[in-house]
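# A structural walkthrough
Given next are the chains, with one letter for each unit.
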Amino acid sequence: MDIIEVTQLKDLKKGEFFKLKPDSKTVYIKDEYFRKEKTFSCTYFDDISRGRYFKPDTVVYTQFEF
C-alpha cells in the first residue's frame, strides 16, 4: 500500500513533485514564487511548456509512486 503525504504547497521545496488529488495522474513540479501575484508557478512533469499557478495554501499530495 502506498503512503501518500498531505501538505501545503508552500511547505515543499523548489523542484519537488506533487499531485492535486491522491488518485490524479497529473504530476506537477513546484517552481518559482511570484510575490506580486502571491502564487507559485508549477509546471507539468511530462510537458515543461505547460504550467499552472497555485496559491501557497493549496493542499497537495506527495510521497507517491508514478
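Everything here concerns the structure above.
Overview of the structure. (Residues numbered from 1 in each chain as written. Predicted model: local features only at pLDDT ≥ 70, side-chain atom pairs only at ≥ 80, totals over all residues. Heavy atoms only, no water.)

### Things to note about the sheet that holds strand 3 (residues 28-34)
One open sheet accounts for four strands, arranged 2-3-4-5; its pairing is antiparallel. Since the sheet does not close on itself, it has two edges, and those belong to strand 2 (17-18) and strand 5 (51-54), each with one partner. Both strand 4 (residues 39-44) and strand 5 contribute to a ladder of four bridges, which runs antiparallel. Across the sheet, Cys-42 pairs through a bridge with Arg-52, a residue of strand 5. (Pairing = 2+ DSSP bridges. Helix = DSSP H or I, 4+ residues; strand = E, 2+ residues; numbered from the N terminus.)

### Some remarks on unusual backbone geometry
Backbone geometry at Lys-38 places phi at a positive 55°, although glycine is not the residue there. Here Lys-38 shows up in the loop between strand 3 and strand 4. At Gln-63, a residue that is not glycine, the phi angle is positive and equals roughly 60°. Turning to its location among the elements, Gln-63 is positioned in the segment after strand 6 (59-62). In this structure Gln-63 comes out as exposed when scored by relative accessible area, which is 54%. (Buried < 20%, exposed > 50% of the residue type's maximum accessible area, 1.4 Å probe, protein only.)

### Structural notes on the nonpolar core
Counting residues in each nonpolar core, the largest one holds nine residues, listed as Leu-9, Leu-12, Phe-18, Tyr-28, Phe-40, Cys-42, Tyr-44, Phe-54 and Val-60. Among the elements that line this core, the one with the most residues is strand 4, at three residues. (Core = buried A, V, L, I, M, F, W, Y, C linked by side-chain atoms within 4.5 Å.)

### Some remarks on the pattern of salt bridges
Within the structure shown, the criterion is met by one salt bridge. A salt bridge links Glu-32 to Lys-14; the shortest N-O distance between them is 2.4 Å. Placement of Glu-32 in strand 3 and of Lys-14 in the loop between strand 1 (5-8) and strand 2 is noted, with a sequence separation of 18 residues between them. Given the relative accessible area of 55%, Lys-14 is considered exposed. (Salt bridge = Lys/Arg side-chain N within 4 Å of Asp/Glu carboxyl O.)

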